[in-house]
Amino acid sequence: MSVATRLDLTLRLVQGSDRVSVSELSRRLGVSEMTVRRDLDALEAQGLVRRVHGGAVATRSRGEDAGFSAREPWQAATKDHLGAAAAALVEPGSRVLLDAGTTTVHVAEHLAARAPLTVAVLSLQAALCLADRPGIELLVVGGRSRPGERSFVGPLALRTLESLAFDCFVMSIGGVHAADGWSEFSLDDAAVKQAGLTRADRTIAVADATKLGVRAFSRVAPLEAVHCFVTDRAAGEAGTHPSGPQTLDALREAGVETVLA
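Residues numbered from 1 in each chain as written. Predicted model: local features only at pLDDT ≥ 70, side-chain atom pairs only at ≥ 80, totals over all residues. Heavy atoms only, no water.

**Some points on unusual backbone geometry**
Peptide bonds are trans in most cases, and residues, glycine excluded, mostly fall at negative phi.
Here is step 1 of the chain: Cis geometry is adopted by the peptide bond preceding proline 116, which originates at alanine 115 and carries an omega value of 5°.
Here is step 2 of the chain: With respect to the element layout, proline 116 can be found in the loop between α6 (102-111) and β5 (117-121).
Here is step 3 of the chain: Not every positive phi belongs to a glycine, and aspartate 132 is a case in point at roughly 70°.
Here is step 4 of the chain: Relative to the assigned elements, aspartate 132 resides in the loop between α7 (124-130) and β6 (136-140).
Here is step 5 of the chain: Aspartate 132 sits in the exposed class, given a relative accessible area of 80%. (Helix = DSSP H or I, 4+ residues; strand = E, 2+ residues; numbered from the N terminus. Buried < 20%, exposed > 50% of the residue type's maximum accessible area, 1.4 Å probe, protein only.)

**Looking at the side chain of serine 172**
Here is step 1 of the chain: Here serine 172 is to be found in strand β9 (residues 166-172).
Here is step 2 of the chain: Accessibility expressed as a relative area gives 9% for serine 172, which makes it buried.
Here is step 3 of the chain: Non-local contacts of serine 172, meaning those with residues more than four positions away in its chain, are made with Asp99, Ala100, Gly101, Thr104, Glu184, Lys193 and Val206. (Contact = heavy atoms within 4.5 Å.)

**Regarding the sheet that holds strand β11 (residues 181-184)**
Here is step 1 of the chain: Overall, antiparallel pairing links the three strands, which are arranged β10-β11-β13 in an open sheet. Single-partner strands in this sheet number two, and they are β10 (175-177) and β13 (218-221). Ignoring strand direction, the axes of neighbouring strands in this sheet form an average angle of 35°.
Here is step 2 of the chain: One ladder, built from three bridges, connects β10 with β11; its direction is antiparallel. In the strand pairing of β11, glycine 175 is matched with serine 183. (Pairing = 2+ DSSP bridges. Axes fitted to C-alpha atoms, helices over the stretch in contact; angles between N-to-C directions.)

**What to know about the side chain of serine 218**
Here is step 1 of the chain: Inspection of the secondary structure assignment puts serine 218 in strand β13.
Here is step 2 of the chain: Those residues within four positions of serine 218 in sequence are excluded, and the remaining contacts are Ser183, Glu184, Ser186, Leu187 and Ala190.

**Remarks on the state of the cysteines**
Here is step 1 of the chain: If you walk through the whole model with that rule in mind, you get zero disulfides.
Here is step 2 of the chain: Of all cysteine sulfurs in the structure, the one in cysteine 228 sits closest to cysteine 168, which takes part in no disulfide; the separation is 9.0 Å.
Here is step 3 of the chain: Accessibility expressed as a relative area gives 0% for cysteine 228, which makes it buried. (Disulfide = S-S within 2.5 Å.)

**Digging into the sheet that holds strand β14 (residues 228-231)**
Here is step 1 of the chain: Strand order in the open sheet formed by seven strands is β6-β5-β4-β9-β12-β14-β15, with parallel pairing between adjacent strands. Sheet topology places β6 and β15 (257-260) at the edges, where each strand pairs with a single neighbour. Going across the sheet, the axis of each strand differs from the next one's by a mean of 20°, ignoring polarity.
Here is step 2 of the chain: Here strand β4 (residues 95-98) pairs with β5 via four bridges, running parallel. Bridge pairing links leucine 97 to alanine 120 in β5.
Here is step 3 of the chain: On top of the sheet, helix α10 (residues 244-253) reaches β14 and β15; it is set at about 140° to β15, its chief contact.

**Quick notes on the packing of helix α2 (residues 22-29) against helix α3 (residues 33-45)**
Here is step 1 of the chain: Look at α2 against α3: their axes get within 9 Å of each other, and the N-to-C directions meet at 110°. Considering the angle they form, α2 stands roughly perpendicular to α3. Contacts between α2 and α3 involve Val22, Ser23, Leu25 and Ser26 from the former and Glu33, Val36, Arg37 and Leu40 from the latter.
Here is step 2 of the chain: The residue inventory of the contact of α2 with α3, partitioned by class, reads four nonpolar, two polar and two charged. (Parallel < 35°, antiparallel > 145°, perpendicular 65-115°, else oblique. Nonpolar A, V, L, I, M, F, W, Y, C, P; charged D, E, K, R; others polar.)

**Remarks on the pattern of salt bridges**
Here is step 1 of the chain: Using the criterion set out here, one finds 13 salt bridges in the structure.
Here is step 2 of the chain: Of the charged contacts, one joins glutamate 24 and arginine 28 as a salt bridge, the two residues approaching to 3.9 Å between their closest N and O atoms. Of this pair, glutamate 24 and arginine 28 both sit in helix α2, four residues apart, which is roughly one turn of the helix.
Here is step 3 of the chain: Note on glutamate 24: relative accessible area 25%, which makes it partly exposed.
Here is step 4 of the chain: Aspartate 99 is the salt-bridge partner of lysine 193, the closest N and O atoms lying 2.5 Å from each other. Placement of the pair is lysine 193 in helix α9 (residues 187-199) and aspartate 99 in the loop between β4 and α6, with a sequence separation of 94 residues.
Here is step 5 of the chain: Classification of lysine 193 by relative accessible area gives buried; the value is 2%. (Salt bridge = Lys/Arg side-chain N within 4 Å of Asp/Glu carboxyl O.)

What follows is the structure in structure tokens.
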């Protein structure tokens, strides 16, 4: 696992808990406690976490503000590759709900090539990316913009989704686990994803291989709720992602088409 990938997942694990210990991070990431401490020091230097005795907590002010912008450049090439692969699965003429997240911004960049499309977006970044693109009818779902993540959440977002129907939901995800299914680090984001799943005929989940085997804070849905999962080829490499092959097998057994881009 690259340093950038490990920092990305470490930050998400810390943000998903009131407090997380070094030993817990070591177990979940499959690295030594010394490596965890070094990574936490690096995240603390960026103001994203605060070190406490035996572990770390998220910094709710500066950390939230920096969350998306800090993660955006991490694994950017991989995320762009995944974005192209996920966008290629969207049929021209479709009504698409596009989730928030650093990976789905890359999906947005590639959706213009699939025009004409009607695209409803759940993030400020995706809205900016698709604004004024030929052949794209852009809808901004609205709601409360979650600080630091720029995702639209809350009752207004949920009510808007309840009034719409989509051919396809392109969903980002914080974790996918063989036993626990799809999960997210934020209760607000999880609620929006659950609503999106019920309003679309087909759901394409997209995430890099670091999310496989991860149990995030809030369960979104069982594995079979998603029709297709797009991830990178490293997901099948047990040496770098020990839970990857097992999770992919569970997805296939649940009837989820898996695309290794």
